Amino acid sequence: MSNAPTVSSLADLLAVAYQIEADAVERYDLLAGQMETHNNPELTAVFRDLARAEGIHRDEIQRLAGDIDVIAHARRMAKWAHGESPEEADLGAAHYMMTPWHALELALAAEKRALAFFKSVVETATDPHITKMAEEFVEEETDHVNLVYRLMNKYLLPPHSWSEDLDPPIPQD
Amino acid sequence: MSSVDERLACKPADYKSDIKPIWCPGCGDYHVLMSFTRAFAELGLPPERIVVVSGIGCSSRIPAYTNCYGFHGVHGRSLALGAGLKVTRPDLTVVVASGDGDGYSIGGNHFLHACRRNIDMTYVVMDNHIYGMTKGQPSPTTEPEFDTALSPGGTGLRPFHPLAVALASGANFVARCFSGEPNETASILVEAIRHPGFSFVEILSPCVTFRPDEREWKNLVHRAPVAATSDPARAARRIMTDDGFNLGILYRGDRKPYQPAVGHTSIDLSELEKDFEL
């Protein structure tokens, strides 16, 4: 992926993987806060759950890294260019009338971006240790994508009119 | 940097306050806040060495959401406050935040003279082409064909061109960013803050409530195909001929910042009060 930080060691890969999950936690927490402010408790709960799930992944990666200080290492690495890290759900897509299905749609897009990133590492890495670890992340992200698909099936596809507000914000004189 | 220093260095989250933003979901200003905190962390500035000054409007809520010193001033006067602060406390990093209504209409005259004066501070305008907080009135950057109950048939007015005005008035650094690219915006803010003199950064920041069409901006923005120039004539040509969605640093000047000598006065308050005695 041309916008990704360069991964040239196992520590780089673990640091990027850690940061991807940490960014996702921060983003879902922010979205949960927005929904809480706008009195949408159902979506607040969905975003909180997503943040919790990403937090578990983040902590697992930190454990996996052992003696490598992934937090410090991630700070030293280049940032994602032209956008954000893969699992940061699109803040600009948030809407005050969005539904849990939309939240999961955002999560699905984020998981797919993460999957594409780890696949690109598998395809380009020359160090077999990096390839092996990236393959594990690919497997994990594939599971996440499938999980989000399953969760989406629990909710009805919102109608086309989902954003229609019967009392819309109108320009005021 | 040693690992101990890294531990002590502030992370972007350290620049956020505990106050939860009340912007609408989807608002570009969330991203701008993120860019601020990422830029401050990148600069390694302690929060207490930064002051975020603002006027009035949705965007002007931003000081409350940072953990730096802040001043939520009166409408259109953020630059006057920022300038006063910077000349008396040049040791502080002053970032002034505004919106297109606050900055280009109510505070329009301050904008001209802040550019001209070239005090070493950074002016960030979150431009959404609308007055959002007061519910959807056309602003100085609103397109002439913007047709609502408040502007039937469109405003018919030529939009204000902030970048051209900034350049013509003497701003020493002129850039345009898009809120949806917080990492790029943060990088440009870092450069703007480091650049001596008055730095002007316009951030296209969609108002998804009163301008839902601005959700499309993410598909319209594009990176400036050439590097920043220090030639104001070339910069003017670029700025006047671009499509309004050209992102990047468009001008980087080398004018010396204005910093008046501010001495300590020996007059105490009681002496000043005598002048106001009736």
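Residues numbered from 1 in each chain as written. Chains lettered and ligands numbered in written order. Predicted model: local features only at pLDDT ≥ 70, side-chain atom pairs only at ≥ 80, totals over all residues.

S.K.: Describe the overall build of chain A, naming the residues involved and giving the relevant values.
M.R.: The helix and strand inventory of chain A stands at five helices and zero strands. Helices and strands appear in chain A in the N-to-C order α-α-α-α-α. Its C-alpha atoms give chain A principal-axis dimensions of roughly 60 × 35 × 30 Å. Across the 173 residues that make up chain A, the buried fraction comes to 38%. Here the analysis covers contacts within chain A between residues at least 6 apart in sequence; of these, 76% occur between residues at least 24 apart. (Helix = DSSP H or I, 4+ residues; strand = E, 2+ residues; numbered from the N terminus. Buried ≥ 20, exposed ≤ 12 C-beta atoms within 10 Å, placed from the backbone. Contact = placed C-beta atoms within 7 Å.)

S.K.: Tell me about the overall build of chain B, and name the residues and values.
M.R.: Within chain B one finds 10 helices and eight strands. On C-alpha atoms alone, chain B measures out to a radius of gyration of 19 Å, which is about the 19 Å that the 2.2 N^0.38 rule sets for 278 residues. Along the first, second and third principal axes, the C-alpha atoms of chain B reach 60 × 60 × 40 Å. The burial tally for chain B puts 49% of its 278 residues in the buried class. Long-range contacts, defined here as pairs at least 24 residues apart, represent 68% of the contacts in chain B between residues at least 6 apart. (Rg over C-alpha atoms; globule rule 2.2 N^0.38 Å.)

S.K.: I'd love a proper account of the sheet that holds strand 8 (residues 246–252) of chain B, names of residues and values included.
M.R.: All names here are of chain B. Overall, mixed pairing links the eight strands, which are arranged 2-1-3-4-6-5-8-7 in an open sheet. Each edge of the open sheet is held by one strand with a lone partner, namely strand 2 (69–72) and strand 7 (222–223). Alignment of strand 1 (residues 50–54) against strand 2, held across four bridges, turns out to be parallel. By the bridge assignment, V53 is partnered in strand 2 with F71. (Pairing = 2+ DSSP bridges.)

S.K.: Describe unusual backbone geometry, and please don't skip the residues or the numbers.
M.R.: Positive phi, normally seen in glycine, also occurs at A:N39, with a value near 55 degrees. In the Ramachandran plot, B:K135 falls in the positive-phi region, its phi being about 80 degrees despite a non-glycine side chain. Tracing the sequence through the fold places B:K135 in the loop between strand 4 (122–127) and helix 6 (162–169).

S.K.: Break down the interface of chain B and chain A for me, citing the residues and quoting the values.
M.R.: Note: interface size is frequently given as the accessible area lost on complex formation between the parts. Of the residues lining the interface, 27 residues belong to chain B; the matching set on chain A comes to 25 residues. Elements represented by at least two residues in the side of chain B that touches chain A include exactly helix 1 (3–8), helix 2 (29–43) and helix 7 (182–194) of chain B. In terms of residues, the side of chain B that touches chain A owes the most to one element, helix 7 of chain B, which gives three residues. Of the residues contributing to the side of chain B that touches chain A, the split by class is nine nonpolar, 11 polar and seven charged. (Nonpolar A, V, L, I, M, F, W, Y, C, P; charged D, E, K, R; others polar.)

S.K.: I'd love a proper account of the pairing of strand 8 of chain B, names of residues and values included.
M.R.: Summarising the sheet, strand 5 (residues 173–178) of chain B and strand 8 of chain B pair through four bridges and their orientation is antiparallel. Note on strand 8 of chain B: the bridge partner recorded for B:R176 is B:G248.

S.K.: Tell me about the pairing of strand 5 of chain B, and name the residues and values.
M.R.: Residue and element names in this part refer to chain B. Across the six residues that make up strand 5, a large majority, six, are buried. Side chains F173, A175 and C177 project from strand 5 onto one buried face, and the interleaved V174, R176 and F178 project onto a second face that is buried too. Of the pairings in the sheet, the one linking strand 5 to strand 6 (residues 199–204) comprises six bridges and is parallel in character. By the bridge assignment for strand 6, V174 is matched with F200. You can see the chain leave strand 5, run along helix 7 and come back into strand 6, and the turn it takes is right-handed. (Right-handed = clockwise from strand over helix to strand, strands pointing away.)

S.K.: Describe the environment of A:L157, naming the residues involved and giving the relevant values.
M.R.: Residue and element names in this part refer to chain A. Along the chain, L157 turns up in the segment after helix 5 (128–153). Classification of L157 as exposed rests on a count of 11 C-beta atoms within 10 Å. Remark: the alpha-carbon pair of L157 and V46, spanning 111 residues in sequence, is separated by 16 Å.

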